Amino acid sequence: MSNEDDYLDIGDELLAGAHGGPNAPLPDDMHPLAKRTIRAIDTFSDWQGKVVCLMVVPIIFAMVYEVIARKFFIAPTLWSFDISRMLYGMSFMLGAAYVLMRGLHIRADFIYRSFPVRLQGWVDLLLYIFLFMPGMLFLLWAGYEFALKSYLQNETAGDSTWAPIVWPVKIALALGVFFLVLQGISEILKSWYAATRGRWPK
């Protein structure tokens, strides 16, 4: 393999195919409980992300319908912008765990990628435990309160003449954070393996 190929491998290390996935083999020396946990969480995140991506279909339909109605029939809709905005927000939050599982969140890794794998594992492990998880747990608690209040009030959008209900979006926010917490557990186990074994499990 040429040096150019080596460079491309390093540059592509965070792409979905390079990060493994629910079907990627886990090492034999990993603790069985950790393997089962990683497999279950990654499989759930993969399935859930693929379902959420279907939200793009009604978003496209709403936008295309709006453009045709407005440009050709001079009949703009009241609902298309709100539908597309709400569905986009829901898909963004509900798909975040899938993106984390695939290693596609943006990260400034120009220094990190030069570290030995063991050090990378420790960096990820400490950041997940002391920054990611506390932040996500706080956001989960706040999101739950936010969604519950919205649901009990049957809250509607105050910035729209259509005034759609917005509590499904706020429930999706809390659910998306919950899924991120679950995926964070999987990432912690992977980081622990890398920190203690000197190689990534996938």
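Things to note about the pattern of salt bridges
- On inspection of all chains with the given rule, the structure shows 10 salt bridges.
- The salt bridge involving Lys50 is made with Asp46; its shortest N-O contact spans 3.1 Å. Within this pair, Lys50 and its partner Asp46 are both found in helix α2 (residues 32-52), separated by 4 residues, close to a single helical turn.
- Accessibility expressed as a relative area gives 9% for Asp46, which makes it buried.
- Salt-bridge contacts for Lys170 lead to Glu155; the nearest nitrogen and oxygen are separated by 2.7 Å. Here Lys170, found in helix α7 (residues 167-197), pairs with Glu155, found in the loop between α6 (117-153) and α7; they are 15 residues apart in sequence, far enough to count as distant.
- One connected set of salt bridges, linked through shared partners, spans Asp29, Arg197 and Arg199.

Description of the packing of aromatic side chains
- Counted under the stated rule, the structure contains 11 aromatic pairs.
- Centroid distance Tyr88 to Phe92: 6.4 Å. Interplanar angle 35°. Geometry classified as tilted. Taken together, the residues Tyr88 and Phe92, both in helix α4 (residues 80-94) and 4 residues apart, mark about one turn of the helix.
- With a relative accessible area of 52%, Tyr88 lands in the exposed category.
- Relative accessible area serves as the criterion here: at 54%, Phe92 is assigned to the exposed category.
- On the basis of an interplanar angle of 80° and a centroid distance of 5.3 Å, the ring pair of Tyr128 and Phe132 is categorised as edge-to-face. Here Tyr128 pairs with Phe132, and both are found in helix α6, just 4 residues apart, close to one helical turn.
- With relative accessibility at 13%, the residue Tyr128 sits in the buried group.
- Aromatic rings pair up to connect Phe44, Trp47, Phe178 and Phe179 into one cluster.

Overview of the environment of Gly135
- Along the chain, the position of Gly135 falls in helix α6.
- Taking the C-alpha atoms as reference, Gly135 lies 9.7 Å from Val181; in sequence the two are 46 residues apart.

Rules used in this analysis
Residues numbered from 1 in each chain as written. Predicted model: local features only at pLDDT ≥ 70, side-chain atom pairs only at ≥ 80, totals over all residues. Heavy atoms only, no water. Salt bridge = Lys/Arg side-chain N within 4 Å of Asp/Glu carboxyl O. Helix = DSSP H or I, 4+ residues; strand = E, 2+ residues; numbered from the N terminus. Buried < 20%, exposed > 50% of the residue type's maximum accessible area, 1.4 Å probe, protein only. Phe/Tyr/Trp six-rings, centres within 6.5 Å; stacked < 30°, edge-to-face > 60°.

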